[in-house]
Amino acid sequence: MSLPTELEQARKEIEAIAKDYGLDFFPVVFELVSYKQMNQMAAYTGFPIRYPHWRWGMEYERVRKGYTYGLQIIHEMVINNNPCYAYLLSSNTMLEHKMVMAHVYAHADFFKNNQWFAHTNRKMLDEMANHSVRIQRYIERYGEERVESFIDICLSIEDMIDYHALHVKRYPPEEENSEDPEAPVLTVPKLPSKSYLDKWVNPPEFLEELRKIRQRKKQERRKFPPRPEKDLLLFLIQNAPLEEWQRDILAIIREESYYFAPQAMTKILNEGWACVTAETLVFTDKGVLPMREIVNGKMEVQVHDGKECRLICDWARFPKRKTVHIRTKKGFELEGSQTHRIMMTDGSWKQLSEVSVGDKVKLVGGQNLWAKSYFTLNWQSSKRTTLKHVAELVGVNLSTVIRYRKGRNSIYAERIEPALANYERERLQLSLMFNRRQKILVPKKVDERLATFLGYLLGDGHISEAKRVVGFTNSNWELVQLFAELGKLLFGIEPKIYRDENRWRVNFYSQHLIDFFKHLGLPTGKAARWKTVPSVILLSPKPVVSSFLRSLFDCDSCVSDNGITFSTSSEKMGKTVQVLLTNFGILSSRQRCQDGCWQVRIFGSSVATFEKEIGFGLKQKREKLSQYIRRHRWFKAEKWEDEIVAIKHGLADVYDITVTTTHRYAAGGFINHNSFWHSKIMTEKVLKDSELIDYADRHASVTASAPGTLNPYKLGLELLRDIKERWDKGRFGKEYEECDDLALKESWDKNLGLGTAKLFEVRRIHNDVTFIDTFLTEEFIRKQKLFVYEFNRYTGAYEITSRNFETIKQKLLFLLTNLGRPIIWVTDGNYRNRNELYLWHQHEGVDLRWDFAVETLKNIHALWKRPVHLETIKGGRKIRLSVYDKDRIQEELL
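Participant: Which parts of the structure should I look at to understand the overall build of the protein chain?
Facilitator: Assigned secondary structure in the protein chain consists of 33 helices and 32 strands. Out of the 894 residues in the protein chain, the part that is buried amounts to 49%. With the model as given, the accessible surface of the protein chain reaches about 45600 Å², and the carbon-plus-sulfur share is 50%.

Okay, structure coming up:
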């Protein structure tokens with residue numbers, strides 16, 4: 001089937017690019033199919049025809065429903081054949097067709113050059129059709145129910161093959177002069193006798209009987225099979241009492257299992273075949289969060305794409321990347337990787353490396369996306385440990401602790417010692433009066449009242465640990481009264497209010513209060529230049545944020561003919577306030593004054609928005625704000641756009657998120673744009689600017705990892721990227737491994753440029769197990785934040801059990817070895833000389849699922865037609881599970 005002209009041109013372009021990169025693949029035949037045809041071939045494991053069996057219909061229904069309900073999308077389908085066949089979904093967009101083509105050429109290169117595919121049938125498309133015809137004939141001859149039931153039995157053991165049999169010689173060839181167990185016994189030892197008595201002592205009849213006995217015992221002693229056999233299917237084909245048609249069907253199942261085995265063994269490696277800096281603020285439905293927290297916590301939150309809310313489905317962090325920092329005329333700033341894209345005023349996208357001074361970017365505001373619930377506080381005032389506390393903690397009498405502290409022995413010494421050591425340490429650090437401090441009320445949540453108090457405190461307040469005081473200084477008596485009354489109401493402490501020349505001071509004396517505010521992240525001492533909006537405010541609902549900004553502006557802003565001006569000594573406070581205002585739909589400008597302070601100015605229609613959304617608490621400022629608005633009967637429409645006035649370059653860790661559908665998100669006041677070979681081909685050569693958003697969205701949906709699952713696309717892609725970076729920078733070999741300087745290793749770069757060559761070597765010789773075993777490093781584990789988790793039956797929750805490199809690596813290798821399936825060996829085909837089959841389970845620390853084991857043994861029994869035994873370990877004990885017939889199952893403790 002020929003492709004449409006546009007699609008054929010894209011195919012030729014991608015094929016040429018793939019060859020330029022050095023990929024070497026079989027010819028690829030693309031076919032355009034409907035979604036029904038795609039579902040059918042997906043059910044048939046990629047082939048257009050398979051042998052008749054009900055499993056294909058069941059699989060078709062699963063795929064069809066998954067597609068219908070939007071639970072899954074078939075991104076690609078390619079057959080390991082010569083030529084390779086690949087399918088394109090006719091309803092896909094041109095971008096999706098390009099993605100599939102790029103990915104298919106990478107797969108075709110892998111099929112052709114990886115040694116684990118070297119022994120697969122390259123004409124499997126024809127062979128599958130042949131299998132279908134043969135089984136159809138058996139159905140016509142022996143009946144559908146009989147043949148289908150036999151196939152059911154065969155499929156239950158289809159994975160009991162030796163996955164490495166085609167690539168290794170398990171046993172050395174037998175010696176030519178080795179004894180043949182079938183060779184007849186020709187001579188037997190005679191009883192000692194005199195020659196003239198020999199015919200009576202060793203009569204011929206006796207010797208013949210003795211020879212027969214020895215012959216029989218020799219045959220009984222022979223090992224069958226001579227060595228443990230891992231390929232159970234082959235053993236059954238050769239030795240089970242099957243009819244010829246049954247033997248042929250079992251051989252078909254085995255052949256197909258060996259064909260698909262390399263694809264399962266190289267899923268991670270085969271499937272493997274833009275961002276902003278950490279502090280960029282992103283509006284989410286969980287509050288205003290720094291990009292670093294979203295990515296590091298892999299938070300599944302909603303963000304705003306400039307038009308509506310979207311869910312984050314993927315996260316990424318890239319250390320030490322070259323960055324571009326831009327600043328606009330209004331003071332908005334953004335730093336991101338050179339390839340990070342932002343939206344321009346005409347709706348187009350530009351990489352940060354491509355923007356110039358004078359370019360105009362689109363700003364975004366009015367999302368009104370806030371946290372939905374109050375932030376809960378769990379802080380408690382600390383207490384100094386007493387000897388009574390030590391006794392209660394250990395579970396002994398106070399007198400026992402006192403005696404032990406004086407040097408007396410105790411049978412509880414091991415329990416008392418660590419608790420007593422903690423007591424002694426606190427005794428040296430904390431005064432005897434520590435537990436007599438004045439208690440305070442502690443708010444249970446960050447509500448509007450606490451937010452108002454924090455706004456006053458960060459506006460005109462201070463926290464002094466040296467004087468143990470939380471203070472507030474202002475010349476406005478109304479503000480002083482509000483701060484004092486609110487503090488007394490919230491914390492239950494009586495403030496001290498006094499006049500200091502032309503201003504008022506309010507002081508709360510409480511170390512517990514200071515500790516509480518330190519817990520909230522407020523700075524102490526002379527910290528005017530380091531103040532910022534507390535994270536508990538950023539994680540709060542809109543009314544709480546409004547209350548905070550209202551009290552903050554009551555302290556540090558003024559209203560004039562030029563609108564509202566907020567002043568602060570802290571650059572970070574100014575930046576954060578400006579970004580927060582955009583979420584209310586308030587556009588502002590930020591600039592530095594000659595005295596070093598920063599001003600955030602609001603004017604025009606945004607002043608009216610400020611009055612509606614935030615407003616002032618002070619009556620005097622409310623009146624001035626109303627006068628400003630009344631004097632302006634109408635406001636000129638604001639343009640949410642700005643001009644870039646400064647650009648500088650740097651180096652920093654960068655973070656990225658993937659947003660569903662549109663793959664864009666609002667952060668820092670801007671609209672931001674968010675697999676190895678197919679990714680490289682698509683992003684560097686094929687994509688048009690207009691296709692980038694959709695590509696990133698679809699690519700991210702493929703690489704996203706659901707909780708508790710291992711995504712082979714993601715793991716393979718990231719590990720291949722890591723290999724390329726390591727060999728490009730020379731981060732391998734004895735010198736690098738023996739380097740103990742972490743800072744030096746982090747900046748290690750010898751500019752070797754060997755990454756691409758190493759990737760081709762990896763592609764040629766590795767499967768998933770060797771890939772992980774050889775290239776997984778402790779640095780990679782840390783970067784990807786991998787860990788091992790298990791279900792805790794006591795707490796009823798999944799818990800992280802280890803972050804240790806060796807533990808994680810062994811867990812991965814365990815999951816991949818033998819494709820994660822039990823390893824079963826045939827050890828005896830003539831057990832107890834009764835023609836019974838004896839199997840041995842190579843226990844690797846995980847017990848068999850018992851109901852599955854029983855049903856599988858029943859099916860093996862149906863093929864062997866004699867009792868079948870399986871030796872395994874169950875609950876730490878050696879067990880033999882025996883199936884004598886379908887209704888007689890026996891377990892025996894060994």
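What follows continues from the structure just given.
Participant: I'm lost on the packing of helix α22 (residues 605–613) against helix α23 (residues 619–631) in this one. Help?
Facilitator: Put simply, α22 and α23 touch, their axes get as near as 10 Å, and they point 140° apart. Between α22 and α23, the angle falls in the class oblique. α23 is crossed by α22, and the crossing has left-handed handedness. Here α22 contributes V607, A608, F610 and E611 to the contact with α23, which in turn contributes L625, S626, Y628 and I629.

Participant: Just checking my understanding: could you explain the packing of helix α9 (residues 232–239) against helix α33 (residues 850–864) for this structure?
Facilitator: Any two packed helices are characterised by the angle at which their axes cross and by the distance between the axes. As a packed pair, α9 and α33 sit with axes 10 Å apart at the nearest point and diverge in direction by 25°. It follows that α9 is roughly parallel to α33 by the angle criterion. For the pair α9 and α33, contact is made by L232, F235, L236 and N239 and by I860, L863 and W864, respectively. Class assignment of the residues belonging to the contact of α9 with α33 gives a composition of six nonpolar, one polar and no charged.

Participant: So what exactly am I meant to see when it comes to helix α20 (residues 542–556) here?
Facilitator: At 3.6 residues per turn, the α-helix brings residues three or four places apart onto the same side. Helix length check: α20 (15 residues) gives 21 Å between terminal C-alpha atoms against 21 Å at 1.5 Å per residue, within 8%. For α20, a buried count of twelve out of 15 residues is recorded, marking the element as mostly surrounded by other parts of the structure. Along α20, the positions that sit buried rather than exposed are V544, V545, S546, S547, F548, L549, S551, L552, F553, D554, C555 and D556.

Participant: Looking at this structure, I do not really get the nonpolar core. What am I missing?
Facilitator: One recurring pattern in soluble globular proteins: nonpolar side chains tend to sit buried together. The biggest cluster of nonpolar side chains holds 66 residues, and the ones touching the most others in it are F517, I537, L549 and F553. I157, L232, W245 and W850 belong to the second largest nonpolar core, which has 47 residues in total.

Participant: Teacher, can you tell me more about the sheet that holds strand β22 (residues 598–602) here?
Facilitator: Taken in spatial order, the four strands of this open sheet run β19-β20-β22-β21, and their pairing is antiparallel. Two strands in the sheet have a free side with no partner beyond their single neighbour: β19 (557–560) and β21 (588–592). Pairs of neighbouring strands in the sheet enclose a mean axial angle of 20°, with direction left out of account. Here α20 sits on the sheet in contact with β19, β20 (563–568) and β22, set at roughly 85° to β20.

Participant: What am I meant to see in helix α5 (residues 124–142) here?
Facilitator: Between its first and last C-alpha, α5 extends 26 Å over 19 residues, near the 27 Å set by a 1.5 Å rise per residue. Every buried residue of α5 is listed here: M124, L125, E127, M128, H131, S132, I135, Y138 and I139. Angularly, the buried residues of α5 cover 160° about the axis, an arc narrow enough to put them on a single face. Of the exposed residues in α5, the ones pointing more than 90 degrees away from its buried face are D126, R137, E140 and R141. Remark: G143 follows α5 within two positions and exhibits a positive phi of approximately 100°.

Participant: Please clarify how the sheet that holds strand β30 (residues 868–874) should be interpreted in this entry.
Facilitator: Strand pairing in a sheet relies on backbone hydrogen bonds, with the paired strands running either antiparallel or parallel. On the basis of which strands lie adjacent, the open sheet formed by five strands has the order β28-β29-β30-β31-β32 and mixed pairing. Edge positions in the sheet fall to β28 (824–831) and β32 (888–893), since each has one partner strand and no second. When strand polarity is set aside, the average angle formed by the axes of neighbouring strands in this sheet is 25°. Of the strands in this sheet, β28, β29 (836–841), β30, β31 (877–885) and β32 are in contact with α33, which crosses β31 at around 45°.

Participant: Would you explain the side chain of E256 in this entry?
Facilitator: Tracing the chain through its elements places E256 in helix α10 (residues 244–265). Among all residues touching E256, those that are not within four sequence positions of it are R50, Y51, M124, M128 and H131.

Participant: For this particular structure, what's the right way to read the pattern of salt bridges?
Facilitator: A pair can form between side chains of opposite charge whenever their charged atoms are brought close. The full count for this structure, using the stated rule, is 39 salt bridges. The partner of E424 in a salt bridge is R405, with the nearest N and O atoms 2.7 Å apart. With E424 in helix α15 (residues 413–429) and R405 in helix α14 (residues 398–405), the pair connects residues that are 19 residues apart, well separated along the chain. Given a relative accessible area of 24%, E424 falls into the partly exposed group.

Participant: I would appreciate a short explanation of unusual backbone geometry in the present structure.
Facilitator: Across residues other than glycine, the phi torsion is negative in most instances, and most of the peptide bonds are trans. A cis amide bond, omega 5°, links N82 with the succeeding residue P83. Mapping P83 onto the fold places it in the loop between β2 (78–79) and β3 (84–89). Its identity as a non-glycine residue notwithstanding, R832 has a phi of 60°, on the positive side. You can call R832 partly exposed: its relative accessible area is 36%. Phi is positive for N835, which is not a glycine, with a value near 60°.

Participant: Hey, could you run me through the confidence of the model for the protein chain in this one?
Facilitator: Caution is warranted with low-pLDDT regions, since their predicted coordinates should not be read in detail. Summarising the model, the protein chain shows a mean pLDDT of 83, and 87% of its residues fall at 70 or more. Across residues 174–178, confidence stays below pLDDT 50; counting only partners more than four residues off in sequence or on other chains, it has one contact.

Participant: How should the side chain of N474 be read in this particular structure?
Facilitator: Mapped onto the fold, N474 is located in strand β16 (residues 469–474). Note on N474: relative accessible area 10%, which makes it buried. A polar atom in the side chain of N474 sits 2.6 Å from the side chain of D460. At 2.8 Å, the side chain of N474 forms a polar contact with the backbone nitrogen of N476. If near-sequence neighbours (up to four positions away) are discounted, N474 is found in contact with D460, L479, V480, R503 and W504.

Participant: Mind showing me how you'd approach the packing of aromatic side chains here?
Facilitator: How two aromatic rings sit relative to each other is set out by the distance from centre to centre and by the angle between their planes. Under the criterion given, the structure shown has 35 aromatic pairs. Here Y142 and W245 contribute two aromatic rings whose centre-to-centre distance is 4.8 Å and whose plane-to-plane angle is 20°, an arrangement assigned as stacked. Of this pair, Y142 sits in helix α5 while W245 sits in helix α10, placing them 103 residues apart in sequence. On the accessibility criterion, W245 (3% relative accessible area) is buried. Pairing Y259 with F260 gives two aromatic rings, centres 5.0 Å apart and planes at 75°, and the pair type is edge-to-face. Looking at F260, the relative accessible area reads 23%, which means it is partly exposed. One aromatic cluster is present, formed by W379, F453, Y456, F472, F483, F491, F508, F516 and F517 through successive ring pairs. One Lys or Arg, K496, reaches over the ring of Y498 and ends 5.5 Å from the middle of that ring.

Cut-off values and rules
Residues numbered from 1 in each chain as written. Predicted model: local features only at pLDDT ≥ 70, side-chain atom pairs only at ≥ 80, totals over all residues. Heavy atoms only, no water. Helix = DSSP H or I, 4+ residues; strand = E, 2+ residues; numbered from the N terminus. Buried < 20%, exposed > 50% of the residue type's maximum accessible area, 1.4 Å probe, protein only. Areas by Shrake-Rupley, 256 points an atom, 1.4 Å probe, with all protein chains shown as cover. Axes fitted to C-alpha atoms, helices over the stretch in contact; angles between N-to-C directions. Parallel < 35°, antiparallel > 145°, perpendicular 65-115°, else oblique. Left-handed = near helix turned anticlockwise from the far one by under 90°. Contact = heavy atoms within 4.5 Å. Nonpolar A, V, L, I, M, F, W, Y, C, P; charged D, E, K, R; others polar. Expected span 1.5 Å × (residues − 1). Core = buried A, V, L, I, M, F, W, Y, C linked by side-chain atoms within 4.5 Å. Pairing = 2+ DSSP bridges. Arc of directions from axis to C-beta. Salt bridge = Lys/Arg side-chain N within 4 Å of Asp/Glu carboxyl O. pLDDT = per-residue confidence, 0-100. Polar contact = N/O pair within 3.5 Å; in protein donor to acceptor, adjacent residues only side chain to side chain. Phe/Tyr/Trp six-rings, centres within 6.5 Å; stacked < 30°, edge-to-face > 60°. Lys NZ or Arg CZ within 6 Å of the ring centre and 35° of its normal.

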